[in-house]
Amino acid sequence: LERSGVPEVDAVAEALGAAADQLQRSEAEREQLLRAEQRARGTAQAAEQRLARLLGASAVLSQSLEEESTLAAIAQVIVPEVGDLCRIDLLDEHGVLQRKLTHHFDPARTAAIANMVAMRTAPSDAPGSFPWAIATGQTVLRNIDDPDLPGALDPQLREFVRALGITAACVVPLVARGRTIGAMAVLQAESGRRISADDGALIHEVALRAALALDNVRLLAQARAAQKAAEDANQAK
């Protein structure tokens, strides 16, 4: 402000200016506190939702002891709440990957995608492929709008992404009792959703529970086979 030349008036003007500056600072601090509180509340709500989903996943996966129904339960947990599409391949007794689950929220799309997957084989050294995830034990989380994604993708994976209209993907190895038994992919397509770091953490937790459930199914099948072999041997004797 221009000074008036009257000391008392200038003093009042300076006091008003200082008060206005302090008010602006106070309002800015209040806005920062409100935003921090909103972020904290959002984080807490997301954590509660994540815990509820994990508890729900555990409950669903504990209800089955057969491979087919366990895979269906995993698909129910993932699609459509977490992703548009879920894929699972499992290693057989010879260490060969076998396709076990391709599930899209649209049943018509499920069959078409399953056929497309069956016609393609991803190279084992391509980051993001199932063989690579199993060999390295690493998880890959990528969004199509990541700046470095186009150049980082293997040509076969790039074509797969283009053909399905994938907008985001998370590929995680399935590990149970220290052994890798397969790999799972959660993909976003029609919804256009991204996969955040929190989403990736949720998928990782679900994968741990899915791997344990699938391993339990295998152990039960092996126990049943051993029991039947013993009974057959007894009968033969």
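Residues numbered from 1 in each chain as written. Predicted model: local features only at pLDDT ≥ 70, side-chain atom pairs only at ≥ 80, totals over all residues. Heavy atoms only, no water.

## Points about the confidence of the model for the protein chain
Here is step 1: When pLDDT is averaged along the protein chain, the result is 85, and 89% of the positions lie at 70 or above.
Here is step 2: For the protein chain, per-element mean pLDDT is lowest for helix α5 (residues 149-152), which scores 58, and highest for strand β5 (residues 179-188), which scores 95. (pLDDT = per-residue confidence, 0-100. Helix = DSSP H or I, 4+ residues; strand = E, 2+ residues; numbered from the N terminus.)

## A look at the nonpolar core
Most often, soluble globular proteins keep nonpolar side chains buried together rather than apart.
Here is step 1: Core analysis: the largest hydrophobic core is formed by 31 residues, its most contacted members being I74, I78, I88, L174, M184 and I203.
Here is step 2: Considering each element in turn, this core owes the most residues, eight residues, to helix α7 (residues 197-236).
Here is step 3: If we ignore the near neighbours within four places in the chain, the residues touching I78 are G83, C86, M184, V186 and V206. (Core = buried A, V, L, I, M, F, W, Y, C linked by side-chain atoms within 4.5 Å. Buried < 20%, exposed > 50% of the residue type's maximum accessible area, 1.4 Å probe, protein only. Contact = heavy atoms within 4.5 Å.)

## Things to note about the sheet that holds β5
Here is step 1: Spatial strand order, β2-β1-β5-β4-β3: five strands in an open sheet with antiparallel pairing. The open sheet has two edge strands with one neighbour each: β2 (97-104) and β3 (140-143). Geometrically, the sheet is characterised by an average inter-axis angle of 15 degrees between neighbouring strands, direction not taken into account.
Here is step 2: By the bridge criterion, six bridges tie strand β1 (residues 85-91) to β5 in an arrangement that is antiparallel. Bridging from a neighbouring strand, C86 pairs with V186 of β5.
Here is step 3: Helix α2 (residues 67-78) rests against β1, β2 and β5 of the sheet, and its axis sits at about 45 degrees to β2. (Pairing = 2+ DSSP bridges. Axes fitted to C-alpha atoms, helices over the stretch in contact; angles between N-to-C directions.)

## Description of unusual backbone geometry
Here is step 1: The linkage connecting V79 with the following residue, P80, adopts the cis geometry, with an omega of 0 degrees.
Here is step 2: Looking at where P80 falls in the secondary structure, it is placed in the loop between α2 and β1.
Here is step 3: The phi dihedral of R177 is positive, around 55 degrees, even though this residue is not glycine.
Here is step 4: Its location among the elements puts R177 in the loop between β4 (168-176) and β5.

## Let's talk about the packing of α2 against α7
Here is step 1: Look at α2 against α7: their axes get within 10 Å of each other, and the N-to-C directions meet at 170 degrees. Between α2 and α7, the angle falls in the class roughly antiparallel. Here E67, T70, L71, I74, V77 and I78 of α2 lie close against α7, whose contacting residues are V206, A210, A213, L214 and V217.
Here is step 2: Counted by class, the contact of α2 with α7 contains nine nonpolar, one polar and one charged residues. (Parallel < 35°, antiparallel > 145°, perpendicular 65-115°, else oblique. Nonpolar A, V, L, I, M, F, W, Y, C, P; charged D, E, K, R; others polar.)

## Focus on the side chain of R87
Here is step 1: Mapped onto the fold, R87 is located in strand β1.
Here is step 2: Take R87: its relative accessible area is 12%, and that puts it in the buried class.
Here is step 3: Within the local environment of R87, its side chain forms a polar contact with the side chain of D89, the two groups lying 3.0 Å apart.
Here is step 4: Excluding anything up to four places from it in sequence, R87 contacts R99, L101, T102, V117, F130, A183, M184 and A185. (Polar contact = N/O pair within 3.5 Å; in protein donor to acceptor, adjacent residues only side chain to side chain.)

## With respect to the packing of helix α3 (residues 107-118) against helix α6 (residues 155-164)
Here is step 1: It is at 12 Å that the axes of α3 and α6 come closest, and there the two elements cross at 165 degrees. In this view, α3 runs roughly antiparallel relative to α6, as classed from their interaxial angle. Pair α3 / α6 crosses with right-handed handedness. Contact with α3, carried on its side by R109, I113, M116 and V117, involves F160, A163 and L164 of α6 and no other residues of that element.
Here is step 2: Looking at the contact of α3 with α6, its residues break down into six nonpolar, no polar and one charged. (Left-handed = near helix turned anticlockwise from the far one by under 90°.)

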